[in-house]
Amino acid sequence: MELEYDRFSRLTSWKWGDLTESYGFDRAGRLSEIRYGDGSAMIYAFKDMFSSLVSEHVLVWDRYVVTVILHLHETCHIYFCSHTV
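Nothing here was measured: the structure is a model prediction, and the numbers come from that model.

Structural notes on the side chain of Glu21
Then step 1. Within the secondary structure, Glu21 sits in strand β3 (residues 19-25).
Then step 2. Of note is the side chain of Glu21, whose polar atom sits 2.3 Å from the side chain of Tyr23.
Then step 3. Beyond its immediate sequence surroundings of up to four residues, Glu21 is in contact with Thr12, Ser13, Trp14, Ile34, Arg35 and Tyr36.

Some remarks on the confidence of the model for the protein chain
Then step 1. With 62% of its residues at a pLDDT of 70 or more, the protein chain shows a mean pLDDT of 76.
Then step 2. Averaged over each element, pLDDT in the protein chain is lowest for strand β8 (residues 77-81) (47) and highest for strand β1 (residues 2-5) (96).
Then step 3. Note that pLDDT drops below 50 for residues 72-85; the model gives that stretch 30 contacts with residues more than four away or on any other chain.

Quick look at the environment of Gly24
Then step 1. Positionally, Gly24 belongs in strand β3.
Then step 2. Distance from Gly24 to Tyr44, taken between C-alpha atoms, is 9.9 Å for residues 20 residues apart in sequence.
Then step 3. Contact partners of Gly24, with chain neighbours within four places excluded, come to Arg30, Leu31, Ser32 and Glu33.

Reading the values: the criteria
Residues numbered from 1 in each chain as written. Predicted model: local features only at pLDDT ≥ 70, side-chain atom pairs only at ≥ 80, totals over all residues. Heavy atoms only, no water. Helix = DSSP H or I, 4+ residues; strand = E, 2+ residues; numbered from the N terminus. Polar contact = N/O pair within 3.5 Å; in protein donor to acceptor, adjacent residues only side chain to side chain. Contact = heavy atoms within 4.5 Å. pLDDT = per-residue confidence, 0-100.

This is the structure in structure tokens:
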């Protein structure tokens, strides 16, 4: 297994045979994306630089994008776009 870390000792990627995953962090040090070896990804957005609650999830796979917007004390909105990323 191959592991890579950034200058803050956070795991940024791993590889084990054909399996891979990589991780991205925002300026506040929060996990902001996970990218998988098949090209799919999970991207997280936060309301502001001080919040630890995720306000939006974006799932990317194949040619599709699904955006889930979360509102505190409200319903969840899901947007599905079938366009090439």
